[in-house]
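The residues making up each chain are set out below.
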Amino acid sequence: MKWSYMDHWRSQSPHGPIDQWESLDTMDRFLKQVAAVGYDAIDTFDFRYYQIMGMYGSVANYQEFVRERGLERIVNIFHAADYDTRNYAPHLPETHENILEGFRVTMDRWSGIELDNIIVMPATLYSDMEPVTEDKIKVTADLWNKVGEITRDAGVKLTCHHEFFCGIQSKDELDTFYANTDPDLVNLFVDTAQHCIASVDPVEFYEQYADRVTGFHFKDTRHRDLIGDYRRRPDSEIMAETTPRWFYEMGDDEGLVDFEAFMRAVVRNGYDGWLTVEHDKANKLGGDHAESTAIARWYAKNVLERVAAEEAGK
């Protein structure tokens, strides 16, 4: 099994919290730490393109920097769009051409390296899309079928990641969306915590759509959203008054995700791609990204890889 790390990261500096993109030195330390605890690669955000060009000159040069620090490559990029309904709203047809052109540009920018997936949140914030109707979901699906053609032609899979505040997040909404997207063009990226927060069982959901899954975000949560925090603006992950921290690393004693059952399902369904660990906002409430990253890798190696071997040996 190969594990990638999604590059959420914060550390303290003399001038306050910084991320790994602060300088060449901070990136050097970040990559070495990730490699040292046993990850094999990284994922990143496509908006990092501008920093990559400024710091390294090209995407290929940055990947070489990554490799020199003991990691294989960049596996996936996350298309973290600004879902402004004036120009980027998948349920509004008048924004589609702008979105399509944006993906043509994006795929050209990253053409210097081989990627597995470009990951998208396939809908706006829930509060910008509601009432969420079947017709709106069908319009959204039509857009992503077209985007999938663009990414396919670039040799990259389009895969959808549903945050709990995404306009398509409940089980009925998810089923409608995937019923109206082409399985050859639109794939699924399962985030164990995000689905759990939205009261969608991640194991059952994965089992249902295993043939369309091209990746995962492995992280845990202690909470389900039972009061409509998914409607909070502008960011449900930081605006929810009842839940100051949504995400925790695998192995958390109070976590709700059944990772052993999830890993057994992954093996049972023959998945052979990369597994990605993600730690959104792990530094909240005194948490630490470096600690969470190390704990999650320990859990992956000592629990999940053992469970996977047991399941494969049955």
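As recorded in an unreviewed UniProt entry, the protein goes by Sugar phosphate isomerase/epimerase family protein and comes from Agromyces aurantiacus.

Glancing now at the side chain of Ser-236. When you line up the elements, Ser-236 lands in helix α10 (residues 236-239). Engagement of the side chain of Ser-236 in a polar contact is seen with the backbone oxygen of Asp-229, the distance being 3.0 Å. In this structure the side chain of Ser-236 is engaged in a polar contact, spanning 3.0 Å, whose partner is the backbone oxygen of Arg-232. Each residue touching Ser-236, except ones within four places of it in the same chain, is listed here: Phe-164, Phe-165, Asp-229, Tyr-230, Arg-231 and Trp-246.

What follows covers the packing of aromatic side chains. According to the stated counting rule, one finds 27 aromatic pairs in the structure shown. An angle of 85 degrees between the planes, with centres 5.5 Å apart, marks the rings of Phe-216 and Phe-262 as edge-to-face. Note that Phe-216 is positioned in strand β9 (residues 213-218) and Phe-262 in helix α11 (residues 259-268), a separation of 46 residues in sequence. Here Phe-216 matches Phe-262 in class, with each residue buried. An aromatic cluster of three or more residues is present, and its members are Trp-3, Tyr-206, Phe-216, Phe-218, Phe-259, Phe-262, Tyr-271 and Tyr-299.

This part covers the sheet that holds strand β6 (residues 117-120). Reading around the circumference, β1-β4-β5-β6-β7-β8-β9-β12 is the order of the eight strands in this closed barrel, with parallel pairing throughout. Looking at each pair of strands side by side, their axes are set apart by 30 degrees on average, direction ignored. Inspection of the sheet shows strand β5 (residues 74-79) paired to β6 by four bridges, in the parallel sense. The partner of Ile-77 across the bridge, within β6, is Ile-118. Lying over the sheet, helix α4 (residues 96-109) contacts β5 and β6, oriented at roughly 145 degrees with respect to β6. Contacts from α11 reach β1 (3-6), β8 (186-191), β9 and β12 (275-277) within the one sheet, and its direction differs from that of β9 by about 160 degrees.

Another aspect to go through is the environment of Ala-261. Take Ala-261: it is sitting in helix α11. By relative accessible area, which is 27% here, Ala-261 ends up partly exposed. Here the alpha-carbon distance between Ala-261 and Glu-204, two residues 57 residues apart in the chain, equals 9.9 Å.

Let us look at the packing of helix α2 (residues 49-56) against helix α3 (residues 59-68). Packing of α2 against α3 leaves a shortest axis separation of 8 Å and a crossing angle of 80 degrees. One element, α2, and the other, α3, form an angle in the roughly perpendicular class. Contacts from Tyr-49, Ile-52, Met-53 and Tyr-56 in α2 reach Val-59, Asn-61, Tyr-62 and Phe-65 in α3. Looking at side-chain class alone, the contact of α2 with α3 contains seven nonpolar, one polar and no charged residues.

What follows concerns the UniProt feature "domain: Xylose isomerase-like TIM barrel" (unreviewed entry) in the protein. Following the UniProt record, one finds the feature "domain: Xylose isomerase-like TIM barrel" (unreviewed entry) at residues 32-287. For residues 32-287, the end-to-end C-alpha separation is 20 Å, with 38% helix and 15% strand making up the annotated structure.

Right, let's talk about the environment of Lys-314 for a bit. Counting through the fold element by element, Lys-314 comes out in the segment after α12 (289-312). Residue Lys-314 is classed as exposed on the basis of its relative accessible area of 74%.

What follows is about the nonpolar core. Generally speaking, nonpolar side chains in soluble globular proteins are found buried as a group. Of all hydrophobic cores here, the largest spans 91 residues; its most connected members are Trp-3, Tyr-62, Trp-144, Tyr-206, Phe-216, Phe-218 and Met-250. In terms of residues, this core owes the most to one element, α12, which gives seven residues. Apart from the residues within four sequence positions on either side, Trp-144 is in contact with Tyr-88, Pro-90, Phe-103, Val-120, Met-121, Pro-122, Leu-158, Phe-177 and Val-186. Counting residues in each nonpolar core, the second largest holds five residues, with Phe-45, Phe-78, Ile-119 and Phe-189 among its members.

Rules and cut-offs
Residues numbered from 1 in each chain as written. Predicted model: local features only at pLDDT ≥ 70, side-chain atom pairs only at ≥ 80, totals over all residues. Heavy atoms only, no water. Helix = DSSP H or I, 4+ residues; strand = E, 2+ residues; numbered from the N terminus. Polar contact = N/O pair within 3.5 Å; in protein donor to acceptor, adjacent residues only side chain to side chain. Contact = heavy atoms within 4.5 Å. Phe/Tyr/Trp six-rings, centres within 6.5 Å; stacked < 30°, edge-to-face > 60°. Buried < 20%, exposed > 50% of the residue type's maximum accessible area, 1.4 Å probe, protein only. Pairing = 2+ DSSP bridges. Axes fitted to C-alpha atoms, helices over the stretch in contact; angles between N-to-C directions. Parallel < 35°, antiparallel > 145°, perpendicular 65-115°, else oblique. Nonpolar A, V, L, I, M, F, W, Y, C, P; charged D, E, K, R; others polar. UniProt positions renumbered as here; feature names shortened; annotations may be inferred. Core = buried A, V, L, I, M, F, W, Y, C linked by side-chain atoms within 4.5 Å.

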